[in-house]
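# Structural features, examined
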Amino acid sequence: MPATLLYGRCNPYGAETGGPRHVMGGLHGPDSARVDTADMPGLPEAVVQGEWTCPQPAEVRVRMTCRCGHQGDPMALCSWHDEVQWHGEMVAGTVRRVRTLVRVMGHYEMIGARQSGACIRCLYPGQYAETYKALFRHQQELALLNDTGQWHSPRAAFKRQVIEDLVRSFDLGQESAGGPIHRCPMTLVPVS
Ligand SMILES: [Zn+2]
Ligand SMILES: [Zn+2]
Ligand SMILES: [Zn+2]
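Each value, and the rule that gives it
- Residues numbered from 1 in each chain as written.
- Chains lettered and ligands numbered in written order.
- Predicted model: local features only at pLDDT ≥ 70, side-chain atom pairs only at ≥ 80, totals over all residues.
- Helix = DSSP H or I, 4+ residues; strand = E, 2+ residues; numbered from the N terminus.
- Buried ≥ 20, exposed ≤ 12 C-beta atoms within 10 Å, placed from the backbone.
- Contact = placed C-beta atoms within 7 Å.
- Pairing = 2+ DSSP bridges.
- Axes fitted to C-alpha atoms, helices over the stretch in contact; angles between N-to-C directions.
- Core = buried A, V, L, I, M, F, W, Y, C linked by C-beta atoms within 7 Å.
- pLDDT = per-residue confidence, 0-100.

### Here we look at the overall build of the protein chain
- What the protein chain contains, in helices and strands, is seven helices and five strands.
- Ordered by position in the sequence, the α and β elements of the protein chain form the string α-α-β-β-β-β-α-α-α-α-α-β.
- Per-residue burial over the protein chain gives 21% buried out of 192 residues.
- A fraction of 66% describes how many contacts in the protein chain between residues 6 or more apart in sequence connect residues 24 or more apart.

Following this line, the structure appears as structure tokens:
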């Protein structure tokens, strides 16, 4: 059976099944539409810009796996394929459009070649995911207070204190993390 029938359409980063939360290990939650490129190095530009879908049929089924065995959900990805490209060519004094077939990388190769990304669960072990989420939320609330001219209000002062405390808990490092913090590269591993 052709792979196309087995795997359906290419679906980089769960484009059709809820977005980047699978890569992030649930860190941002299903409601977060934010694509944080600092947290996800290696994300294809098209995905960062919100073009989540890919028209190519999927050829492989893979999942992101770190050295410690954390895994993302299986993804169906496209592989090498032919792409039609047009270019102009001068023929007898006029420009003629010429059609060529070019062999281009699929999402499997693109994502696989750029696996500089680190496993979020290894980077933020223990309470880190919670702290990170809380910090993000408090920073957004503080920004809103600032935007509405309430920077000097008691509420904003309290927020700043909360944020400072959270940042300090980050600084405590491993001790407060409940596990060793390390950058763990993720690779694409085929699933059957
Ligand atoms: Zn690890
Ligand atoms: Zn694709
Ligand atoms: Zn990991």
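From this point on, the discussion continues.
### Focus: unusual backbone geometry
- Of note in this structure, Ala92 is not a glycine but carries a positive phi near 50 degrees.
- Structurally, Ala92 is set in the loop between strand E3 (81-91) and strand E4 (94-104).
- Its 5 C-beta neighbours within 10 Å are what place Ala92 among the exposed residues.

### What about the sheet that holds strand E1 (residues 60-66)?
- As summarised here, the arrangement of the three strands in space is E2-E1-E5, forming an open sheet in which the pairing is antiparallel. Bordering the open sheet on either side are strand E2 (75-77) and strand E5 (186-190), each of which pairs with just one other strand. Within this sheet the neighbouring strands show an average axis-to-axis angle of 45 degrees, counted without direction.
- The pairing of E1 with E5 spans five bridges and is antiparallel. Across the sheet, Val62 pairs through a bridge with Pro190, a residue of E5.

### Observations concerning the environment of Leu145
- For Leu145, the location among the structural elements is in helix H5 (residues 128-147).
- Taking the C-beta count within 10 Å as the criterion, Leu145 has 18 such neighbours and is therefore assigned partly exposed.
- Expressed as a C-alpha distance, the spacing of Leu145 and Lys159, which sit 14 residues apart in the sequence, is 9.5 Å.
- Not counting residues within four places of it along the chain, the set of residues in contact with Leu145 comprises Gln150, Trp151, Ser153, Arg155, Ala156 and Lys159.

### Brief notes about the nonpolar core
- Among the nonpolar cores identified, the biggest contains 21 residues, and Cys10, Ala58, Val62, Leu77, Cys78, Tyr108 and Cys119 are the most heavily contacted of them.
- Elements supplying a minimum of two residues to this core: E1, E2, helix H3 (107-113), helix H4 (120-123) and E5.
- A per-element tally of this core places E1 first, with four residues.
- Here Cys78 is in contact with Cys10, Cys54, Gln56, Pro57, Ala58, Glu59, Gly106, His107 and Tyr108, once residues within four sequence places are set aside.

### Considering the confidence of the model for the protein chain
- Overall, the prediction assigns the protein chain a mean pLDDT of 74, with 67% of residues at 70 or greater.
- Element-level mean pLDDT values for the protein chain span from 50 in helix H7 (residues 174-177) up to 89 in E4.
- Residue range residues 15-37 is modelled with pLDDT below 50. Its contacts to residues more than four positions away, or to other chains, number 36 contacts.

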